[in-house]
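Understanding the architecture of this molecule
In case you want the letters, here they are:
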Amino acid sequence: MTSLTQELIDLLTLERLEDGLYRGQSRNLVGKRVFGGQVLGQALMAASYTVENRPAHSLHAYFLFGGDINAPIVYEVDKLRDGKSFSSRSVKAIQHGRVIFQAMVSFAEPEDGLEYQKDAPDYPAAKDIPNEEQLKGSLIKFVPENLRAAFQRRRHVEIAPINPSNPFDPQPEAPTQAHYMRTWDKIDVEHDTIALHQAITAFCSDFTLMTTALRPHGLSWISPSLQSASIDHAIYFHKPIRADEWLLHDMESTQSAGSRGLNFGRIWQDGQLVCSTVQEGLNRLRDIDVGRA
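Residue indices follow the written sequence of each chain, beginning from 1 at its first position. Since the coordinates come from a predicted model, pLDDT governs what is reported: local features require at least 70, and pairs of side-chain atoms require 80 or more to be given and counted, while whole-chain, interface and lining totals use all residues. Side-chain metrics in this entry use all non-hydrogen atoms of the structure; hydrogen atoms and water are not considered.

**Looking at the pairing of strand β2 (residues 21-24)**
Look at any regular strand and the pattern is simple: side chains alternate between the two faces of the sheet. Stated formally: Buried means the residue's accessible area, taken with a 1.4 Å probe over protein chains only, is under 20% of the maximum for its type, while exposed means over 50%, and partly exposed covers the values in between. Helix and strand labels come from DSSP, where a helix needs a run of H or I of at least four residues and a strand needs a run of E of at least two; each type is numbered from the N terminus. In this analysis, strands are considered paired if DSSP registers two or more bridges between them.
The alternating pattern of β2 places Y22 and G24 on a buried face, while none of L21 and R23, on the opposite face, is buried. The sheet contact formed by strand β1 (residues 15-18) and β2 spans three bridges and is antiparallel. Among the inter-strand pairings, E18 is bridged to a residue of β2, identified as L21. Linking two consecutive strands that pair antiparallel, namely β1 and β2, is a turn of two residues; a positive phi of about 75 degrees is found at G20 within it.

This is the structure:
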């Protein structure tokens, strides 16, 4: 595997301190604060360590404080319930003595039952569109000098945007977006577990979902007048998933109000709806630009 895929696996693999207590490392992935996807993936892994033979089917989380990229995070897992079909866990992420994130995670025995799904969207295949790395060359002229090193840094997963926009020159658009995503390499046999694939998917689910609500306002995450942060995040796992094969995250926003934007996503693989996501984010204008409603 490439170093990026191995680094991601290492990031999501936690050190056991004692029963129900785990420690994860932090990395500078998006800037001065810990990337929300890192905490989502690590929290899901921490909860998974306490459950046997039951994959997660839902995670509901709140981001309480920004995380410090220079310090590890301790995850405290409480076993709330182990029933015949479901297991419930509460996870607290603790850094510098305070809770920065809290989640509820539910696990379920796989079982057969009623089957229905919405029709999959009709988009070009991932192999037929350029990935994010290939698109960066056309955008570099828009990037301020002080941001170029961070902009050119490769993500730990491969992303191929559908109908990409320029975050450095945003224009009002429909509140929808979509991209394909996967790890750069196949997960090796040693690490090939359901829990890891779910944790990587949770990690990836935080990329761009919150920014969907910015699109109709002609704003992006880089807009200088914008203060933005994740407030909460939910992910539902409907079917088995492989994070090392192309996943399509199709996103839409239904509302911006009260300096918050609400965003929904559906994650597809081989025509199957494998996950659903929901995220509310803070989108606060510090200095309103009259030219952008």
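**Quick word on the environment of L226**
Going by this rule: In what follows, residue pairs with any heavy atoms lying within 4.5 Å of each other are defined as contacts.
Residue position: L226 is located in strand β9 (residues 226-237). The exposure class assigned to L226 is buried, which follows from its relative accessible area of 6%. A C-alpha to C-alpha distance of 6.6 Å links L226 and N283, two positions 57 residues apart in sequence. Aside from chain neighbours lying at most four places away, what touches L226 is L214, S220, W221, N283, R284, L285 and R286.

**Comments concerning helix α2 (residues 36-48)**
Selection rule: A helix's residues, less one, multiplied by 1.5 Å, set its expected span.
Compared with an ideal rise of 1.5 Å per residue, which puts 13 residues at 18 Å, α2 spans 18 Å between its outermost C-alpha atoms and is within 8% of the ideal. The buried fraction of α2 amounts to 13 of the 13 residues, a majority that puts the element mostly inside the structure.

**Details of the packing of helix α1 (residues 3-12) against helix α5 (residues 194-205)**
Condition: Only the stretch in contact is used when fitting a helix axis, every axis being a line fitted to C-alpha atoms; angles between N-to-C directions are given from 0 to 180 degrees. In these notes the angle categories are as follows: under 35 degrees is roughly parallel, over 145 is roughly antiparallel, 65 to 115 is roughly perpendicular, and the rest is oblique. Residues are grouped as follows: Ala, Val, Leu, Ile, Met, Phe, Trp, Tyr, Cys and Pro are nonpolar; Asp, Glu, Lys and Arg are charged; all remaining types, including Gly, are polar.
At a closest axis distance of 11 Å, the pairing of α1 and α5 adopts a crossing angle of 100 degrees. One finds that α1 runs roughly perpendicular with respect to α5. Contacts between α1 and α5 involve L8, I9, L11 and L12 from the former and L196, A199, I200 and F203 from the latter. Of the residues assigned to the contact of α1 with α5, the class counts are eight nonpolar, no polar and no charged.

**Structural notes on the pattern of salt bridges**
Once their charged atoms are close, side chains differing in charge can pair, the charge on each being opposite to the other. Basically, it comes down to this: Any Lys or Arg side-chain nitrogen located within 4 Å of an Asp or Glu carboxyl oxygen qualifies as a salt bridge.
Counted under the stated rule, the structure contains 17 salt bridges. The closest approach of N and O atoms between E15 and R23, which form a salt bridge, is 3.0 Å. Residue E15 is classed as partly exposed on the basis of its relative accessible area, which comes to 37%. The class for R23 is partly exposed, based on a relative accessible area of 30%. Residues D82 and R89 are paired through a salt bridge, measuring 3.0 Å at the closest nitrogen-oxygen approach. For R89, a relative accessible area of 1% translates into the label buried.

**Describing a nonpolar patch on the surface**
To be explicit about the condition: The patches described consist of residues with a relative accessible area above 30% and no salt bridge, like charges being joined within 9 Å and nonpolar side chains (Val, Leu, Ile, Met, Phe, Trp, Tyr) within 5 Å. Every accessible area reported is derived by Shrake-Rupley at a probe size of 1.4 Å, with residue values counting cover from the shown protein chains alone.
Taken together, the side chains of Y62, L64 and F65 make up a nonpolar region of the molecular surface, amounting to roughly 320 Å² of accessible area. Summarising the element assignment, F65 is placed in the loop between β3 (56-63) and β4 (73-82).

**Things to note about the nonpolar core**
Heads up, the rule is: In plain words, nonpolar cores are sets of buried Ala, Val, Leu, Ile, Met, Phe, Trp, Tyr and Cys residues tied together by side-chain atoms within 4.5 Å.
Ranked by size, the top nonpolar core spans 51 residues in total, and within it L59, Y75, F101, V105, I200 and F203 carry the most contacts. Take this core: its biggest share by element is seven residues, from α2. When neighbours within four sequence positions are excluded, F101 is seen to be in contact with V39, L40, A43, A61, Y62, F63, L64, V91, K92 and A93. If you look at the next biggest cluster of nonpolar residues, it comprises nine residues, including I129, A160, I162 and A178.

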